[in-house]
Amino acid sequence: VIGALSSLSDTQRHRHALIVGASSRVGIALRSSLTARSWRVTGTDRRQASPTDLCLDLAHLPRLTCLPSDIDVVFLLAGVTSIAACEANPSDTDIINVQAPAEIARHYASIGVRAVMVSTNLVFDGNVENASQTAPYAPSCVYGRQKVALEQILLSLSPQCAVLRVTKIAETLAPLLMGWKAALANHQRVNAFQDLHCCPLRLADAVACLVAVAETELAGIVHCSGERDVNYLNIALRLADYLGVTSELVIGSTSHEAGVTITAPRHTRLDMTGFCDRFGFMPLDTDATLAAVFAGIP
Ligand SMILES: NC(=O)c1ccc[n+]([C@@H]2O[C@H](COP(=O)([O-])OP(=O)(O)OC[C@H]3O[C@@H](n4cnc5c(N)ncnc54)[C@H](OP(=O)(O)O)[C@@H]3O)[C@@H](O)[C@H]2O)c1
């Protein structure tokens, strides 16, 4: 996906990365990609899934001297990623999503190690199409405000820190799509919101961007976006088409009609012109991204 990566010299390899949140979806894929590129990787998670990793609960941060110091870059991935959970419990999730990762970033900044965080299009309210890196913050949910807070801490901590804002990672749609697929296969109707949009991005592309940020020591705010926005009704219709079932089973509705309050920005795509120019990155088109996710649903 990113041509510039392959030209890195051998001296840039054999670096040591710390992934805080190694058991997250992004963390698992990032570890595998970094390892394949000769990085040494240490992970942390709160359940110590791997015996060589460190146990780190962001809700109860221990003394950070337990963390390795021979690190080239620390990726901050762990957190409460459910918008509803952040909305329901803003103060506890603030500890996990803002205060603890900020403390880890400060610890590493004090020994000259930079932090890279993964942020979101939800730092914007979605009223502006194709928001640029310099667009003013306008979060409309707790999760978005927490990402803004951590972004601001990192960016003020050191000019070497990086914030990678990514749009919806397409693979996270899988649980919803599995339910829809089961219903459609049984000739049952599915309801899909037409007022909920996302800009699906392949996990592999998000990880390639993270690796590029790490290996080229890119700093500041970087956008990694899917190709275009699509609403969930459209996703359901494409799934029906993919499965060869009638589109009449797919019923469009709105969150208002369903009586639910959701964070539903109209525009979620991010402008990534600068990154595309520098790395020759081309996001996979939305139809191909969705087809790849459909193909992966059991
Ligand atoms: N997925 C997306 O579409 C998307 C879009 C934009 C930005 N991001 C950001 O990208 C990063 C990775 O996302 P993801 O989708 O890979 O996340 P994920 O799969 O939801 O994983 C979140 C991780 O955080 C861990 N965690 C939660 N509470 C914790 C705590 N108190 N202490 C330590 N670890 C804790 C979870 O551990 P357990 O497994 O133990 O629960 C899990 O491993 C996140 O920062 C997210 O905000 C994701």
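Along each chain, residue indices are assigned from 1 in the same order as the chain's sequence is written. Local features in this predicted model are restricted to residues whose pLDDT is 70 or higher, and side-chain atom pairs enter the listing and the counts only when it is 80 or higher, whereas totals over whole chains, interfaces and linings include all residues. Note: side-chain values were computed over all heavy atoms of the structure, leaving out hydrogens and water.

## Topic: the pattern of salt bridges
Here a salt bridge means any side-chain nitrogen of Lys or Arg lying within 4 Å of a carboxyl oxygen belonging to Asp or Glu. Inspection of every chain in the model, using the stated rule, returns 9 salt bridges. When the shortest N-O distance is used, the salt bridge between R202 and D205 registers 3.2 Å. For R202, a relative accessible area of 25% puts it in the partly exposed group. Residue classification places D205 among the buried positions, given a relative accessible area of 1%. With a shortest N-O distance of 3.3 Å, R228 and E227 are connected by a salt bridge. Here's how the labels work: a residue is buried when its accessible area is under 20% of the maximum for its type, exposed when over 50%, partly exposed in between, all with a 1.4 Å probe on protein chains only. The class for E227 is partly exposed, based on a relative accessible area of 26%. Through salt bridges with shared partners, a single network forms among E227, R228, R238 and D287.

## Observations regarding the pairing of strand β1 (residues 16–20)
Numbering of helices and strands starts at the N terminus; helices are DSSP runs of H or I of at least 4 residues and strands are runs of E of at least 2. By the criterion of burial, β1 is predominantly enclosed, with 5 of the 5 residues buried. What you see with β1 is no split at all: H16, L18 and V20 on one side and A17 and I19 on the other are buried throughout. A pair of strands counts as paired when DSSP detects no fewer than two bridges linking them. Bridge analysis of β1 against strand β2 (residues 40–45) gives 5 bridges, and the strand direction is parallel. When the sheet's bridge partners are listed, V20 is paired in β2 with T44. Note on handedness: a clockwise path from strand one over the helix to strand two, with the strands aimed away from the viewer, defines a right-handed crossover. Viewed along the sheet, the connection from β1 through helix α1 (residues 25–36) into β2 turns out right-handed. With 4 bridges joining them, β1 and strand β4 (residues 73–76) adopt parallel strand pairing. Each bridged residue has a counterpart across the sheet, and for I19 the counterpart in β4 is F75.

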